[in-house]
Amino acid sequence: MNFFATPVFCFLPFKYYKAVKEKGWKIVLAILLCIILLWTIRGVKDQINMIRFVNEVKRECPDFALKNGTLELEKSIVFDEEGLYMAFDDSIDHVNRGDVDAIVAAGHDSVLIVGRHGGGLHDDGETQVFNYSEFGNLEIDKDMLCDKYLPLLNLAAAALDIFRLICSIIVYCIVAAILQFVTGLISDLAYKTKLDMGEQFKITFMAKFPPYFILFILGTIFSNLKFVALISLILQLAYIALVLFFYSKAAEDEQRMMLENNGQGPWMQG
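As the structure is a prediction and not an experimental result, all values here were calculated from the model.

Rules of the game
Residues numbered from 1 in each chain as written. Predicted model: local features only at pLDDT ≥ 70, side-chain atom pairs only at ≥ 80, totals over all residues. Heavy atoms only, no water. Core = buried A, V, L, I, M, F, W, Y, C linked by side-chain atoms within 4.5 Å. Buried < 20%, exposed > 50% of the residue type's maximum accessible area, 1.4 Å probe, protein only. Helix = DSSP H or I, 4+ residues; strand = E, 2+ residues; numbered from the N terminus. Contact = heavy atoms within 4.5 Å. Pairing = 2+ DSSP bridges. Salt bridge = Lys/Arg side-chain N within 4 Å of Asp/Glu carboxyl O.

Chemist: Tell me about the nonpolar core, and please be specific about residues and values.
Modeler: Judged by nonpolar contacts, the single largest core of 32 residues is most densely connected at Tyr16, Ile31, Ile35, Ile203, Met206, Phe209 and Tyr212. Listing elements by their share of this core, those giving two or more residues are helix 2 (16-19), helix 3 (24-60), helix 5 (142-191), helix 6 (197-207), helix 7 (209-221) and helix 8 (228-261). Looking at which element gives the most residues to this core, the answer is helix 3, with 7 residues. Leaving out residues up to four positions away in the same chain, Tyr16 has contacts with Phe9, Cys10, Ile203, Met206, Ala207, Tyr239, Val243 and Tyr247.

If you want it as structure tokens, here you go:
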């Protein structure tokens, strides 16, 4: 089996009996490289989205300056859509908790109010207020924001994707190491096929990939998917059971052919 074709064979349950004969490190490395490729593609997508966001901010953000605990804006901005409320208005002198809670009570889940000397926000059920003086001698304006701080978002997005990739690989390997025992149990009880530890791990490691791949693509397209971990586990177990069905049939066919080749076919018996 070609090294780079291993991820493709993962989607062909009737090919596992042949694929599992490959060395374990080749199977693991090929799938991990494919996972890295998937996250690289997502990383490029995230960078493109971040560049678009930064350019949009540069284009739409009005001139402003925060200095000596006071914010001055060229013009006020209010955004109110789908439960999200944001207001940037230097005519608002101070923001208190009651101001924020009143907007939340009007049907908004997330609120951000930025005024002349402070602001307030509400998210995840919590309300906080702040004054700019709490941040010390913080000074920032539009040029500093666009030229110094916004480019850091690209680095932050890249770092986050790398961190998520590492976590994804670690979780993938740990879950495969645990599920291999379930694979052996299903094979033994449901299909009466005994697997050694190597076969259990290689089947599990490969069979995890198609559900992982499908949910990864869906998660990239639809960012609001819920219960992904539970759905992934159910799909993995179902696919492992399907793979083992074909695997047991292939093992039976090979054993029958060996008996026939040794002159022990049914027509030679008794």
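Chemist: With reference to specific residues and values, describe the sheet that holds strand 2 (residues 70-73).
Modeler: Ordered by their spatial adjacency, 3 strands build an open sheet running 2-1-8, and the pairing between neighbours is antiparallel. Single-partner strands in this sheet number two, and they are strand 2 and strand 8 (140-141). Sheet analysis places strand 1 (residues 64-67) next to strand 2, joined by 4 bridges and oriented antiparallel. Bridge pairing in strand 2 links Phe64 to Leu73.

Chemist: Any chance you could break down the pattern of salt bridges for me, citing the residues and the numbers?
Modeler: Going through the model one piece at a time under the given rule, you end up with 6 salt bridges. Notably, a salt bridge pairs Glu60 with Arg59, separated by 4.0 Å at the nearest N-O pair. A salt bridge links Lys194 to Asp188, with the shortest nitrogen-to-oxygen separation between them at 3.1 Å. Given the relative accessible area of 65%, Lys194 is considered exposed. On the basis of relative accessibility, which here comes to 27%, the residue Asp188 falls in the partly exposed class. The network of salt bridges with shared partners includes Glu56, Arg59 and Glu60.

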